[in-house]
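Inside the fold
Residue strings, one per chain:
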Amino acid sequence: MTNAIRLGVNIDHVATLRNARGGLHPDPYTVAVAAMAAGADGITIHLREDRRHIRDDDAERICLKLGAPINFEMAASGEMADIACRLRPHGVCIVPERRAEITTEGGLDVIANKGQLLPIIARLNGAGIVVSLFIDPETAQLEAAAAVGAAVVELHTGAYANQRPGELARLAAAAALTTGLGLECHAGHGLTYANVQPIAALPEIRELNIGHYLIGEALLVGLPASIRQMKTLMQEARS
Ligand code: PXP
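So, here is what we can say about the structure in this document. Not measured: the values here are computed from a predicted model.

Considerations on the nonpolar core
Within the largest apolar cluster, 76 residues are counted, with the highest numbers of intra-cluster contacts made by Ile45, Phe72, Ile94, Leu124, Leu133 and Leu208. Ignoring any residue separated from it by four or fewer positions in sequence, one finds leucine 208 in contact with Ile5, Arg6, Leu7, Gly8, Ala187, Leu191, Val196, Ile199, Ala200 and Met234.

If you want it as C-alpha cells, here you go:
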C-alpha cells in the first residue's frame, strides 16, 4: 500500500467572497490555479442546487480548462448528473444537500436513497467518472456504498472535528472497512492544522478534502503558505 496522501483544496469559499459583492473578484478559477501551484493535488468544488457559491460558469472553467483533478461535489439529482457528464471531472462526490443548511451537515443516507443513487452512479461510472459517496463512519452505510457501485467513500469528519468522544476510533474502523470492501477511502469536513494529523495518520486514507480552514488561514499567511503547511502536517503524520 502506498503511503502517499493527497490534499484536495475546496475553493467554494472563494466564490462566497466573490458573490458577496456581486462582481468578478476574487476569481475561483485564478485561486484554483494558485492552489495547484502551491502543491494542492486537486481542486474540490460543490455546485449546489441554489448556486450559493460556485456557479455553472465557474464549474465549467475549472473542469474544462484547469487541467487538474477535479472533485465535483453534487447532490444526487438528474440536473447535477447531466452537468457532471458534460464537464467530466475526474471524480464526483455525492453529498446530501438541504437548502437551509450552512454547510453539508451529515453524511449521505445510502441505504434510504439506494433507488435514487443506483441509476445516477451507474450513469457517472459509464461516463468514466470516479464516484465517491460522502458518508458518516457507519458500517451499514459503508456496505451500502459498495453495493450501489461507488468506487470511493469520503468519510465525514465533522463529528470528529467537533470533538465527539470515540469518533477517531470510529473513523479508523470505517477506513479499514472501506478498503476491506475494495473501495478507496477519503475524508474531510472541519479539518484544521490542529486536528488533521490523527486523520492523516490513518493508513487507508488516500485523500483529504479541506476548504474552510485553508481559505480562512490564507487571510493571515496567504494561500500558498496555508496549503504548504497543511501538506507538511499531513506528510509528517504519514512518516
Ligand atoms: N468534503 C465534503 C464532502 C464537503 O461537503 C466539505 C464542505 O464543503 C468538505 C469536504 C470540506 O469541509 P471544510 O470546508 O470544513 O474543510
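Resuming the write-up.
Re the packing of helix H10 (residues 212-221) against helix H11 (residues 223-238)
The relative placement of two packed helices comes down to the angle between their axes together with the axis-to-axis distance. Look at H10 against H11: their axes get within 7 Å of each other, and the N-to-C directions meet at 125°. When the axes of H10 and H11 are compared, the pair comes out oblique. In the crossing of H10 with H11, the sense of the turn from one axis to the other is right-handed. Together, Tyr213, Leu214, Ile215, Glu217, Ala218 and Val221 of H10 and Leu223, Ala225, Ser226, Ile227 and Met230 of H11 make up the contact between the two elements. Its residues placed into classes, the contact of H10 with H11 shows nine nonpolar, one polar and one charged.

Focus: the packing of helix H4 (residues 78-87) against helix H5 (residues 114-126)
At a closest axis distance of 10 Å, the pairing of H4 and H5 adopts a crossing angle of 5°. The pairing of H4 with H5 is recorded here as roughly parallel in orientation. Two secondary-structure elements touch here, H4 through Gly78, Ala81, Asp82, Ala84 and Cys85 and H5 through Ile120, Arg123 and Leu124.

Some words on the pattern of salt bridges
Considering all chains together, one arrives at 13 salt bridges under this definition. Between aspartate 41 and lysine 231 there is a salt bridge whose closest N-O contact spans 2.9 Å. Residue aspartate 41 is found in the loop between helix H2 (28-37) and strand E2 (42-46), and its partner lysine 231 is found in helix H11; the two are separated by 190 residues along the sequence. What makes aspartate 41 partly exposed here is its relative accessible area of 26%.

Things to note about a nonpolar patch on the surface
A surface patch of nonpolar side chains, about 360 Å² in accessible area, is lined by Leu219, Leu220 and Val221. Looking at the secondary structure, you find valine 221 in helix H10.

Some words on helix H8 (residues 167-180)
For H8, built from 14 residues, the straight-helix expectation of 20 Å at 1.5 Å per residue is met to within 8% by its first-to-last C-alpha distance of 20 Å. The complete set of buried residues in H8 reads Glu167, Leu171, Ala174, Ala175 and Thr178. The buried residues of H8 all sit within an arc of 105° when viewed along its axis, so they share a single face. Residues of H8 that are exposed and point more than 90 degrees away from the buried face comprise Ala169 and Gly180.

Notes on the environment of cysteine 63
By the secondary structure assignment, cysteine 63 is in helix H3 (residues 56-65). On the basis of relative accessible area, cysteine 63 is assigned to the buried category, the value being 13%. Along the chain, cysteine 63 and isoleucine 43 lie 20 residues apart, while their C-alpha atoms are 9.4 Å from each other. Once residues lying within four places of it in the same chain are set aside, the contact partners of cysteine 63 are Ile45, Ile70, Phe72, Leu87 and Pro89.

What counts as what
Residues numbered from 1 in each chain as written. Predicted model: local features only at pLDDT ≥ 70, side-chain atom pairs only at ≥ 80, totals over all residues. Heavy atoms only, no water. Core = buried A, V, L, I, M, F, W, Y, C linked by side-chain atoms within 4.5 Å. Buried < 20%, exposed > 50% of the residue type's maximum accessible area, 1.4 Å probe, protein only. Contact = heavy atoms within 4.5 Å. Axes fitted to C-alpha atoms, helices over the stretch in contact; angles between N-to-C directions. Helix = DSSP H or I, 4+ residues; strand = E, 2+ residues; numbered from the N terminus. Parallel < 35°, antiparallel > 145°, perpendicular 65-115°, else oblique. Left-handed = near helix turned anticlockwise from the far one by under 90°. Nonpolar A, V, L, I, M, F, W, Y, C, P; charged D, E, K, R; others polar. Salt bridge = Lys/Arg side-chain N within 4 Å of Asp/Glu carboxyl O. Patch = residues over 30% accessible without salt bridge, like charges linked within 9 Å, V, L, I, M, F, W, Y side chains within 5 Å. Areas by Shrake-Rupley, 256 points an atom, 1.4 Å probe, with all protein chains shown as cover. Expected span 1.5 Å × (residues − 1). Arc of directions from axis to C-beta.

Any functional reading would require information that these geometric values do not contain.
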